[in-house]
Amino acid sequence: MNRWTQLTLTRRVPMIRAASLRGFTSLVEELGGDPKRLLKRFELSPYLIASDDELIPIDAHDSMLDTAASELHCPDLGLRLAAVQDLSILGPLALAIQESSTVAAALQCASRFLFVHSPALRVDVEPDPHDRRGVVALTYCKDLRESAYSRQGIELGLGLFFRIAELLLGGRIGLRSVEIPHPPLSPVRRYTDFFGSDVKFGRPVAAICVDRRVLDECFTDSDEAVRQFAIQYLTDNFTDPGNEVRVHVRRILATTLATQPTLLHVARLLSMHPRTLQRRLADEGTSFDRVLDDIRRDTAHRLITTDDVRFAQVAEFVGFAEQASLSHAVRRWYGMSPRELRRTTNSRMSH
């Protein structure tokens, strides 16, 4: 069973709308690659991604982007995809954003409902990281407690965020700088040409920094009645998984695994009685032990298959007292030893 299928079947993994891959097939073909082969490697059906509203695992989505960029020698793949996409990839959320009266209202709507596109992604308005007067940062983040960091995924998302802002404002976004967490993947000139601004790398968070006054810009053709209808549709038809107790428990466990966290410890952090926490998790069809096992499995898999970490260190990081416990757990999860898991996964990713 493929890793992506296995994760999807065993727990509710973070997903993303297939619309995020709009333009991917034609771009891969243009670069001389075989999109069907790439999709098959990550268990993504061509028919699935042809439908904007289908959901796919964001880990598979991002890993495929990173793999395609590497194998096709196209370091700016994320930016190229962003260049052919627009607001419509956000589906029902696009209408609510488009009919907002101001930029601030549009951003508030995007922040509230971006989970409809993917619960692993978030946009927000934060203070300028360089303390420039009259400047704010429009941030674009991926929840790394739920899914691994992807350079191409971040460049695609940030590039699209920038393009949407430009399209909504007719290019009048008062851009002061662009912040990217990783080192440049392409020549810096490629970034400055795309964004038309100074680009800073190795920053704490991905962001486009703009004049604060832009938030007050009005959209003269907005329709409040249509906006309210769109928001009501989103509210009635989509539930934010971030509100589930199991998600809060996962987030706590993701940062405390090495300390061997207990139900009592997590309940205290959530200001709940342990029995209340157990009951709330049961109402969501899970338990503390199951959530703990899930986050251990996912973290161990990431460390074993994507990082050159000694197995004893992996065991310690995920809260096992000894390496033998890790080996037993990996066999239970995947039917093989940690060494076999690393070897088979790396072999699959290289073909």
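Above this text is the structure in question.
Residues numbered from 1 in each chain as written. Predicted model: local features only at pLDDT ≥ 70, side-chain atom pairs only at ≥ 80, totals over all residues. Heavy atoms only, no water.

### Section: the pairing of strand 4 (residues 135-142)
When you tally the buried positions in strand 4, you get 8 out of 8 residues, the bulk of the element. Covered by surrounding structure in strand 4 are Val135, Ala137, Thr139 and Cys141 together with Val136, Leu138, Tyr140 and Lys142, the residues of both alternating faces. Direction of pairing for strand 3 (residues 121-127) relative to strand 4: antiparallel, over a ladder of 7 bridges. Bridge assignment links Asp124 to a residue of strand 4, and that residue is Thr139. Note: strand 4 against strand 7 (residues 206-211), 6 bridges, orientation antiparallel. (Buried < 20%, exposed > 50% of the residue type's maximum accessible area, 1.4 Å probe, protein only. Helix = DSSP H or I, 4+ residues; strand = E, 2+ residues; numbered from the N terminus. Pairing = 2+ DSSP bridges.)

### What about the nonpolar core?
Phe24, Leu90 and Phe195 are the most contacted members of the largest nonpolar core, which totals 73 residues. It is helix 9 (residues 151-169) that provides the largest number of residues to this core, a total of 9 residues. When residues no more than four places from it in sequence are discounted, the contact partners of Phe24 are Leu38, Met64, Leu65, Ala68 and Leu81. Ranked by size, the runner-up nonpolar core spans 29 residues in total, among them Leu263, Leu281, Val318 and Tyr334. (Core = buried A, V, L, I, M, F, W, Y, C linked by side-chain atoms within 4.5 Å. Contact = heavy atoms within 4.5 Å.)

### A short note on the sheet that holds strand 3
On the basis of which strands lie adjacent, the open sheet formed by 5 strands has the order 3-4-7-5-6 and mixed pairing. Two strands close off the open sheet at either side, each with one partner strand: strand 3 and strand 6 (199-201). Put simply, the sheet's adjacent strands are angled 20 degrees from each other on average, direction ignored. Of the strands in this sheet, strand 3, strand 4, strand 5 (175-180) and strand 7 are in contact with helix 9, which crosses strand 4 at around 140 degrees. Packed on one face of the sheet, helix 10 (residues 188-195) meets strand 5 and strand 6 and runs near 135 degrees to strand 6. (Axes fitted to C-alpha atoms, helices over the stretch in contact; angles between N-to-C directions.)

### Regarding empty space enclosed by the protein
The gaps left among the atoms become clear once a water-sized probe is rolled over them. Counting across every chain of the model gives 3 cavities of 30 Å³ or more. Where the lining of the largest cavity is concerned, the elements lending two or more residues are helix 5 (58-71), helix 8 (103-113), strand 3, strand 4, helix 9 and strand 7. Considering every element that reaches the lining of the largest cavity, the biggest residue donor is helix 9, with 10 residues. Class assignment for the residues of the lining of the largest cavity results in 27 nonpolar, 6 polar and 2 charged. (1 Å grid on protein atoms, 1.4 Å probe; cavity = no way out; pocket = protein on both sides within 12 Å on 5 of 7 lines; lining within 4 Å. Points joined across faces, edges and corners; volume = space filled by probe spheres on them. Nonpolar A, V, L, I, M, F, W, Y, C, P; charged D, E, K, R; others polar.)

### Focus on the packing of helix 8 against helix 11 (residues 224-237)
The N-to-C vectors of helix 8 and helix 11 enclose an angle of 10 degrees; their axes lie 12 Å apart at closest approach. By the angle between their axes, helix 8 is roughly parallel relative to helix 11. You can see that helix 8 and helix 11 cross each other, and the crossing is left-handed. Counted together, Ala105, Cys109, Arg112 and Phe113 of helix 8 and Arg227, Ile231, Leu234 and Thr235 of helix 11 form the full contact between these two elements. (Parallel < 35°, antiparallel > 145°, perpendicular 65-115°, else oblique. Left-handed = near helix turned anticlockwise from the far one by under 90°.)

### Topic: the packing of aromatic side chains
Taken as a whole and assessed by the stated rule, the structure comprises 7 aromatic pairs. Taking 5.1 Å as the distance between ring centres and 65 degrees as the angle between the ring planes, the aromatic pair formed by Phe162 and Phe195 counts as edge-to-face. Of this pair, Phe162 sits in helix 9 while Phe195 sits in helix 10, and the two are 33 residues apart along the sequence. Across the pair, Phe195 and Phe162 agree in class, each one buried. Taken together, a centroid distance of 4.9 Å and an interplanar angle of 75 degrees make the contact between Phe194 and Phe195 edge-to-face. Clustering of aromatic rings is evident, with ring pairs tying together Phe162, Phe194 and Phe195. (Phe/Tyr/Trp six-rings, centres within 6.5 Å; stacked < 30°, edge-to-face > 60°.)

### A word on the pairing of strand 5
Most of strand 5 sits inside the fold, with 5 of its 6 residues counted as buried. Each parallel crossover has a hand, and for strand 5 linked through helix 10 to strand 6 it is right-handed. (Right-handed = clockwise from strand over helix to strand, strands pointing away.)

### So, helix 12 (residues 245-256)
Counted at 1.5 Å a residue, the expected span for helix 12 with its 12 residues is 16 Å, and the 17 Å between its end C-alpha atoms agrees. For helix 12, every residue scored as buried is listed here: Val245, Arg246, Val247, Val249, Arg250, Ile252, Leu253 and Thr256. Here the buried face of helix 12 lies against helix 13 (263-269), helix 14 (274-283) and helix 15 (288-306). (Expected span 1.5 Å × (residues − 1).)

### Concerning helix 11
Look at helix 11: 20 Å from first C-alpha to last across 14 residues, which is about the 20 Å you get at 1.5 Å a residue. If you check which residues of helix 11 are buried, you get Arg227, Ala230, Ile231 and Leu234. Here the buried residues of helix 11 occupy an arc of 95 degrees about the axis, which is enough to place them on one side. Set apart from the buried face of helix 11 by more than 90 degrees, the exposed residues are Ala225, Phe229 and Asp236. Buried positions along helix 11 lie against helix 7 (92-98) and helix 8. (Arc of directions from axis to C-beta.)

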